[in-house]
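Take a look at the letters that make up each chain.
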Amino acid sequence: MADATPPDDNKRAGKRRSGRSGKVADFRYKRSSQHKNSASKRGGQKGANQARDGSAKNARNPGFAKADNDAGNKPNSARQGKKHANRRPAPNTKRANSVKGRSGPAAKHGKPSSNTGRYRAGEAYAALDLGTNNCRLLIARPSGRDFTVIDAFSRVVKLGEDLTTTGRLSDNAMERTMGALAVCAEKLRRRNVRLARSVATEACRRASNGEAFIERVRRETGIVLDIISAEEEARLAVLGCHILLEAGQGPAVIFDIGGGSTELVLLEPGEKIPRIIDWQSVPWGVVSLTDTVGVIENDSLTPKESRLARYAEMRRVVSESFAPFVQRIAGAEKGQNIRLLGTSGTVTTLASLHLELPHYDRKAVDGLIVPSSSMREISERLSGLSPDERSQLPCIGNDRADLVVAGCAILESILDLWPAQRLGVADRGIREGILRSMMAAELDSGPSNPAPQAARSGQNKKRAAS
């Protein structure tokens with residue numbers, strides 16, 4: 001039986017504090033804590049210079065495996081290609097640009113003022129997201145007020161395997177992850193990366209040897225990973241995908257179903273730049289929930305009945321964890337024209353099944369609007385199938401056959417607490433949020449407020465080699 005009240009040591013929930021605006025676009029690129037600590041030990045101007053140059057070292061740091069087929073396309077290319085009947089219109093340029101949310105001396109109409117920074121021609125930015133199940137890298141170059149992806153890499157590493165029962169990252173999981181990070185490191189060395197940010201999420205937050213693993217990654221690959229908080233994870237996910245929210249003035253919820261946790265964010269209606277009203281993170285993702293809620297052993301049940309009983313238990317566990325968030329947003333879910341947007345492998349997989357795609361196609365899925373009833377029907381059908389039957393379905397395969405049921409249970413619990421009639425689907429999130437925040441910080445910086453600067457290319461190559 002699963003523990004229905006998991007620990008909440010990382011302040012996983014709470015309304016925005018009054019001292020902060022709550023705007024997602026307020027988030028800015030931060031150098032890793034390792035760099036901050038090392039810089040603080042140095043004195044005078046030399047220490048300050050080295051602290052700035054430290055971001056260049058991180059810019060050459062690697063991460064993210066399994067090449068995406070859409071590398072080289074802009075993130076919004078899904079809406080530029082073949083239109084699907086129930087796809088929402090592409091957001092206007094001003095709305096997409098507003099994600100940068102300048103609080104500095106930017107001029108109106110999206111044009112940087114004479115005080116702001118400039119992109120350097122040909123230089124790239126990189127974002128690495130090491131999750132509980134996947135290791136993902138995105139490398140992009142600025143393109144006008146947006147960016148164009150020039151390289152991408154994703155691999156299922158199952159870093160959080162057995163974490164729920166042991167409290168530690170296993171040796172096999174760490175070795176798989178190191179292999180993926182080595183590929184990422186090589187990609188970052190080959191590209192002219194100006195700035196990069198590499199983050200780790202729930203698996204490293206929870207594991208007793210998480211910090212030791214982060215140090216090993218730094219030592220062996222040069223990648224400096226930040227273990228970010230659940231709140232920051234939620235903010236980055238919203239920053240990366242909120243432009244895909246269906247148009248309207250009703251309240252909106254964006255959620256991210258990960259491998260080790262799920263984040264829910266309630267956004268204020270009517271804001272082009274989302275303002276976070278409330279949020280919650282629970283340590284139930286597709287990996288942690290699968291590992292925690294085992295097979296229901298009962299001789300009186302048929303195999304299918306046993307699978308359905310396990311699914312019901314998963315839903316109970318997740319719903320109880322969401323209860324505090326449900327209480328805080330009571331009334332908002334009854335408003336008119338409520339909107340819902342999901343970013344995760346679960347929603348993109350189910351959207352692919354909804355479209356009956358023979359294989360996954362990001363251009364068909366990213367930005368899609370699906371009836372919530374269809375997602376429920378697919379979830380219920382998958383919950384009764386055996387792992388072998390699920391693995392035979394297009395867009396699921398062996399990697400997702402065991403995990404997709406937990407994702408369905410989380411999704412249905414979200415549809416219970418936020419009963420929107422339609423669900424938006426996003427194949428983007430944390431990585432895109434990181435890229436946008438870094439690029440915004442670059443444009444916000446001026447002569448008196450320099451952004452984190454990379455060193456000259458020759459110095460960068462020496463650092464990358466080391």
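Residues numbered from 1 in each chain as written. Predicted model: local features only at pLDDT ≥ 70, side-chain atom pairs only at ≥ 80, totals over all residues. Heavy atoms only, no water.

A. Spatial organisation of the overall build of the protein. Counting secondary structure elements, the protein contains 18 helices and 11 strands. Out of the 466 residues belonging to the protein, those deemed buried represent 57%. Only carbon and sulfur atoms are counted for the fraction: they give 47% of the accessible area of the protein, which is about 19,700 Å². (Helix = DSSP H or I, 4+ residues; strand = E, 2+ residues; numbered from the N terminus. Buried < 20%, exposed > 50% of the residue type's maximum accessible area, 1.4 Å probe, protein only. Areas by Shrake-Rupley, 256 points an atom, 1.4 Å probe, with all protein chains shown as cover.)

B. Main features of the sheet that holds strand β11 (residues 422–426). One open sheet accounts for six strands, arranged β8-β7-β6-β9-β11-β10; its pairing is mixed. The open sheet has two free edges, formed respectively by β8 (276–282) and β10 (369–371), since each of these has just one partner strand. Sheet twist, expressed as the mean angle between neighbouring strand axes with direction ignored, is 20°. Strand direction decides the pairing type here: strand β7 (residues 262–267) and β8, joined by six bridges, are antiparallel. Its bridge partner being in β8, Thr262 is matched across the sheet by Val282. Each of β10 and β11 is contacted by helix α13 (residues 372–384), which is oriented at about 70° to β10, the strand it contacts most. Against the sheet, helix α16 (residues 404–417) touches β6 (252–257), β7, β9 (339–343) and β11, its axis set at about 165° to β6. (Pairing = 2+ DSSP bridges. Axes fitted to C-alpha atoms, helices over the stretch in contact; angles between N-to-C directions. Contact = heavy atoms within 4.5 Å.)

C. Examining the sheet that holds strand β3 (residues 146–156) more closely. Here five strands make up an open sheet; going across it, the order is β3-β2-β1-β4-β5 and the pairing mixed. What marks the edges here is a single partner per strand, and that holds for β3 and β5 (225–227). Neighbouring strand axes in the sheet, compared pairwise and without regard to direction, differ in orientation by 20° on average. Here strand β1 (residues 124–130) runs beside strand β4 (residues 193–200); their pairing, made up of seven bridges, is parallel. Opposite Tyr125, over in β4, you have Leu195 as the bridge partner. Its contacts with the sheet place helix α5 (residues 171–190) against β1, β2 (134–143), β3 and β4, and it is angled at close to 155° to β3.

D. Quick look at the side chain of Thr349. With respect to the helices, strands and loops of the structure, Thr349 is situated in helix α11 (residues 345–355). What makes Thr349 buried here is its relative accessible area of 4%. Apart from residues no more than four positions distant in its own chain, Thr349 is found in contact with Cys395, Ile396 and Arg400.

E. View of the pattern of salt bridges. Counted according to the given criterion, the structure contains 25 salt bridges. Note that Arg194 and Glu123 form a salt bridge whose closest N and O atoms lie 3.8 Å from each other. Pair noted here: Arg194 is in strand β4 and Glu123 is in the loop between α3 (93–97) and β1, with a separation of 71 residues, a long-range link. Here Glu123 falls in the buried class, since its relative accessible area comes to 15%. Members of the salt-bridge network, linked through shared partners, are Glu202, Arg205, Arg206 and Glu233. (Salt bridge = Lys/Arg side-chain N within 4 Å of Asp/Glu carboxyl O.)

F. The arrangement of helix α10 (residues 303–328) in detail. The terminal C-alpha atoms of α10 lie 39 Å apart, and with 26 residues this matches the ideal 38 Å at 1.5 Å per residue to within 8%. What α10 keeps buried is the set Ser306, Arg310, Tyr311, Glu313, Met314, Arg315, Val317, Val318, Ser321, Phe322 and Phe325. (Expected span 1.5 Å × (residues − 1).)

G. Local environment of the packing of α11 against α16. Running from amino to carboxyl end, α11 crosses α16 at an angle of 95°, the nearest separation of the two axes being 9 Å. By the criterion of interaxial angle, the relationship of α11 to α16 is roughly perpendicular. Mapping the contact onto sequence places Thr346, Val347 and Leu350 in α11 and Val404, Gly407, Cys408 and Leu411 in α16. Here the contact of α11 with α16 is built from residues that sort into five nonpolar, two polar and no charged. (Parallel < 35°, antiparallel > 145°, perpendicular 65-115°, else oblique. Nonpolar A, V, L, I, M, F, W, Y, C, P; charged D, E, K, R; others polar.)

H. Focus on the confidence of the model for the protein. Here the protein averages 77 in pLDDT, and 68% of its residues register 70 or above. Low pLDDT, under 50, characterises residues 1–11; the predicted model gives this stretch 20 contacts beyond four residues in sequence or across chains. Predicted confidence is poor over residues 16–116, with pLDDT under 50, and the contacts of this stretch with residues over four places away or in other chains come to 252 contacts. (pLDDT = per-residue confidence, 0-100.)

I. Main features of the packing of α10 against α13. The contact between α10 and α13 brings their axes to 7 Å, and the two run at 130°. The pairing of α10 with α13 is recorded here as oblique in orientation. Judged by residue contacts, Lys304, Arg307, Leu308, Tyr311 and Arg315 of α10 engage Arg376, Ser379, Ser383 and Gly384 from α13. Considering only residue class, the contact of α10 with α13 consists of two nonpolar, three polar and four charged.

J. Main features of the side chain of Asp129. Relative to the helices and strands, Asp129 is located in strand β1. Once residues lying within four places of it in the same chain are set aside, the contact partners of Asp129 are Asn134, Cys135, Arg136, Val199, Thr201, Ile430 and Arg431.

K. Structural context of the environment of Ala124. With respect to the element layout, Ala124 can be found in strand β1. The exposure class of Ala124 is buried, given its relative accessible area of 0%. Each C-alpha atom of the pair Ala124 and Arg191 lies 7.2 Å from the other, and the pair is 67 residues apart in sequence. In this structure, Ala124 is in contact with Ile139, Ala140, Arg141, Ile150, Asn192, Val193, Arg194 and Leu195, ignoring residues within four places of it in sequence.

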